[in-house]
Amino acid sequence: GDGMITPAISVLSAVEGFEVAASGVEPYVVPIATAILVALFAVQHRGTGAVGAVFGPIMVVWFSVLGILGLSRVLDNLVVLRSLWPGHGIAFLVSNPWSGFVALGSVFLVVTGGEALYADMGHFGRGPIARGWFKLVFPALALNYLGQGALLLEDPDVIDTVFYELAPDWGVVPLAVLATMATVIASQALISGAFSLTAQAIQLGYSPRMRIEHTSRAHIGQIYVPAVNWALLVSCLVLVFGFRSSSNLAAAYGIAVSATMGITTGLLAVVAHQRWGWRPSRVAAICVPLLVVDLAFFGANALKFLDGGWFPLVVGLAIFALFTTWRRGRVLVAEITGNDAVELRELVAGLEANPPERVPGTAVYMHRLPDIAPPALLTNLRSNHVLHEEVVVLTVRTATKPTVPAARKVKIEELGCGLFKGTITVGFVEHPDLPAILANVVDRRVSFRPEDTTYFLGHEAIIPSGRPGMALWRDRLFALMTRNATPATRYYGLPAERAVEIGQQVEI
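Residues numbered from 1 in each chain as written. Predicted model: local features only at pLDDT ≥ 70, side-chain atom pairs only at ≥ 80, totals over all residues. Heavy atoms only, no water.

J.: In this structure, what is going on with the sheet that holds strand β6 (residues 419–426)? I would like to understand it.
T.: Strand pairing in a sheet relies on backbone hydrogen bonds. The paired strands run either parallel or antiparallel. Spatially, six strands are ordered β5-β6-β4-β3-β7-β8 in an open sheet, and the strand pairing comes out mixed. Bordering the open sheet on either side are β5 (410–416) and β8 (499–507), each of which pairs with just one other strand. When strand polarity is set aside, the average angle formed by the axes of neighbouring strands in this sheet is 25°. Two elements, strand β7 (residues 453–463) and β8, share nine bridges in a ladder whose sense is parallel. Opposite tyrosine 455, over in β8, you have alanine 499 as the bridge partner. Here helix α16 (residues 344–353) sits on the sheet and contacts β4 (386–398), β5 and β6; the angle it forms with β6, its principal contact strand, is near 155°. (Pairing = 2+ DSSP bridges. Helix = DSSP H or I, 4+ residues; strand = E, 2+ residues; numbered from the N terminus. Axes fitted to C-alpha atoms, helices over the stretch in contact; angles between N-to-C directions. Contact = heavy atoms within 4.5 Å.)

Structure representation (structure tokens):
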């Protein structure tokens, strides 16, 4: 939800700044925001690296301006510094429990953006994000909000446009331009995050294969997923036209972000217990206080469910249904096709007893189960009674680490009769370009010369039926997702003239 709501609300709110400078701008806000969003998504295929070089300096200018604008107002009215004492907030909540709780929904919008830092943790690592936050972003934001508070103490009427009121009259338009640039950059971070999350979902088996383009030779994480890009653009435009102003979108945004934070805390608890081996009492001591804060914010935002809060929940449920249907469908297909499975050891014994005709070259049969003969290989042997001199049954596995060094990527084991079992292990952010990986293999027993290597892939045509396993609508959805998935040949970078697909029908 975040990847579609953030660009919409951010760009709208920035463009609304021009309304403060000129009264007749209001009818143009939506068209301007639309033009900016279309331009932003249209340049994605150039890659984050190309776009990113311009972004760093603009963000430094943006946060410096925020800090300076806030500081000038704080110096005019130092009494606002008393608001740093948390006792005031607690006293307000105690004396006005209900209105204090409702106010949390608006207060929450101050801390949003923190969750977006996680989306880029995979790109940059912890160090740069922590330094950027504590040395520049946090001080600048704190000063700016204090400055807004100081201004409101003097003149409560400016509450609707308080941010732009911090600037002198001549500075409103430049500030709106800078705000628009900054929001485009913030949106970029989430769009890049959506691409890397999609790639990981594919590798982890929760999403059908999609076309993924690598936009940087130097940085493995910089990718572009066309299907996700255009889906996000359409969603953003639907939001802009449907909600029309940033304040209308705030409810949807608040629920999306507070739910994200709650889920992150839940995931932290699972990782701490299962991976780090923490005792339940220690997990509870850390995660329960965090969860109480997350759920309080979620509850306050949930009050605005009908005002737009329903949108991220509907989107979240839809994506959850897609992910779980794909995962469950793949398990069912594996169970059904595994019923008449032949083990590789049995196959070698059969070949020794009954040697078929052999033709020169290497055949690579892709299969997800390393010790089972691929159905494509059995079909080929039964119908053509012929085998290549060297046959490699290849399984591609995804490691739990982001990258795997080249030396550990490929493991090949000889089974006899010219049959080999191969395993390629790739990190979850790496793209499995098989010919490129196999070209680096140095193994005397088997050769992967491109001109002599043919790739064979099994292809299942899914026929929805009323069989137990999944509801019929999910069967149909799974069949649709399978039909529209990017072909394995393209996903694995296989040359079209050296790839053969052998199909079978599967009723689920």
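Let's pick the thread back up.
J.: Any chance you could explain helix α9 (residues 126–154) here in plain terms?
T.: The α-helix winds at 3.6 residues per turn, so residues separated by three or four positions along the chain end up facing the same way. The first and last C-alpha atoms of α9 sit 40 Å apart over 29 residues, in line with the 42 Å expected at 1.5 Å per residue. At tryptophan 133, α9 shows its largest kink, close to 45°. (Expected span 1.5 Å × (residues − 1). Bend = angle between axes of the 7 residues up to and from the residue.)

J.: Can you help me understand the packing of aromatic side chains in this one?
T.: Geometry of an aromatic ring pair is reported as the spacing of the ring centres plus the angle between the planes. This structure, assessed with the given rule, holds 12 aromatic pairs. Measuring from centroid to centroid gives 5.7 Å for phenylalanine 195 and tyrosine 224, while their planes differ by 90°, and the two rings are edge-to-face. A residue pair is termed long-range when its members are at least 10 positions apart, and phenylalanine 195 in helix α11 (residues 172–203) and tyrosine 224 in strand β2 (residues 223–224) qualify at 29 residues. Neither phenylalanine 195 nor tyrosine 224 differs from the other in exposure class; each is buried. Pairing tryptophan 326 with phenylalanine 478 gives two aromatic rings, centres 5.2 Å apart and planes at 50°, and the pair type is tilted. You can see tryptophan 326 sitting in helix α15 (residues 305–337) and its partner phenylalanine 478 sitting in helix α20 (residues 472–484), a full 152 residues away along the chain. Among the residues examined, tryptophan 326 registers a relative accessible area of 9% and is labelled buried. In this structure, arginine 282 is placed above the aromatic ring of tryptophan 278, and the distance from its NZ or CZ to the ring centre is 4.0 Å. When the ring centre of tyrosine 206 is taken as origin, the NZ or CZ atom of arginine 327, which lies over that ring, is 4.5 Å away. (Phe/Tyr/Trp six-rings, centres within 6.5 Å; stacked < 30°, edge-to-face > 60°. Buried < 20%, exposed > 50% of the residue type's maximum accessible area, 1.4 Å probe, protein only. Lys NZ or Arg CZ within 6 Å of the ring centre and 35° of its normal.)

J.: Can you help me understand a negative patch on the surface in this one?
T.: Together, Asp76, Glu154, Asp155, Asp157, Glu165 and Asp169 line one region of the surface with negative charge. Note that glutamate 165 resides in helix α10 (residues 162–165). Classification of glutamate 165 by relative accessible area gives partly exposed; the value is 30%. (Patch = residues over 30% accessible without salt bridge, like charges linked within 9 Å, V, L, I, M, F, W, Y side chains within 5 Å. Areas by Shrake-Rupley, 256 points an atom, 1.4 Å probe, with all protein chains shown as cover. Salt bridge = Lys/Arg side-chain N within 4 Å of Asp/Glu carboxyl O. Lys, Arg positive; Asp, Glu negative; His and termini not counted. Charge placed at Lys NZ, Arg CZ, Asp CG, Glu CD.)

J.: Help me understand unusual backbone geometry in this model?
T.: In most cases, non-glycine residues show a negative phi, while peptide bonds are predominantly trans. Positioned with a positive phi, histidine 385 is a non-glycine residue whose angle comes to about 50°. Mapped onto the elements of the fold, histidine 385 is located in the loop between α17 (375–384) and β4.

J.: What's the story with the pattern of salt bridges in this structure? I'm lost.
T.: Opposite charge on two side chains allows them to pair when their charged atoms are near. Applying the stated criterion to the full structure yields eight salt bridges. With a closest N to O distance of 3.8 Å, arginine 368 and glutamate 460 form a salt bridge. Taken together, the positions of arginine 368 in the loop between β3 (357–366) and α17 and glutamate 460 in strand β7 put the pair 92 residues apart, joining distant regions of the chain. Of the charged contacts in the structure, one is a salt bridge between lysine 421 and glutamate 413, with a shortest N-O distance of 3.8 Å. The class of glutamate 413 is partly exposed, set by a relative accessible area of 38%. Where salt bridges share partners, they join Arg330, Arg368 and Glu460 into one cluster.

J.: Is there a simple way to explain the environment of glycine 149 in this structure?
T.: Take glycine 149: it is sitting in helix α9. Assessed through its relative accessible area of 21%, glycine 149 is described here as partly exposed. When the C-alpha atoms of glycine 149 and glutamine 505 are compared, they prove to be 66 Å apart, with 356 residues separating the residues in sequence.

J.: Before we go on, may I ask you to explain the packing of α11 against helix α12 (residues 226–243) in this structure?
T.: At a minimum axis distance of 10 Å, the contact between α11 and α12 shows a crossing angle of 135°. The angle between α11 and α12 places the two elements in the oblique class. Of the two elements, α11 crosses α12, and the hand of that crossing is right-handed. Where α11 approaches α12, its residues Ile191, Ala194, Phe195 and Thr198 are matched on the opposing element by Val228, Asn229 and Leu232. A per-class count over the contact of α11 with α12 returns five nonpolar, two polar and no charged. (Parallel < 35°, antiparallel > 145°, perpendicular 65-115°, else oblique. Left-handed = near helix turned anticlockwise from the far one by under 90°. Nonpolar A, V, L, I, M, F, W, Y, C, P; charged D, E, K, R; others polar.)

J.: How do you make sense of the confidence of the model for the protein when you look at a structure like this?
T.: Averaged over the protein, the pLDDT score is 85; the fraction of residues at 70 or greater is 95%. Looking across the protein, the model is least confident in helix α8 (residues 121–124), with a mean pLDDT of 64, and most confident in helix α14 (residues 280–302), with 92. (pLDDT = per-residue confidence, 0-100.)

J.: Looking at this structure, how should I read the pairing of β6?
T.: Walk down a regular strand and you will see the side chains alternate between the two sheet faces. Buried residues dominate β6, accounting for eight of its eight residues. For β4 and β6, the ladder comprises eight bridges, and the chain directions are parallel. Across the sheet, the residue bridging to threonine 398 is valine 426, located in β6. As paired strands, β5 and β6 are joined by six bridges and run antiparallel to one another. Residue pairing in the sheet places lysine 411 in a bridge with threonine 423 of β6. The hairpin turn running from β5 into β6, its antiparallel successor, is two residues long, and cysteine 417 in that turn takes a positive phi close to 60°.

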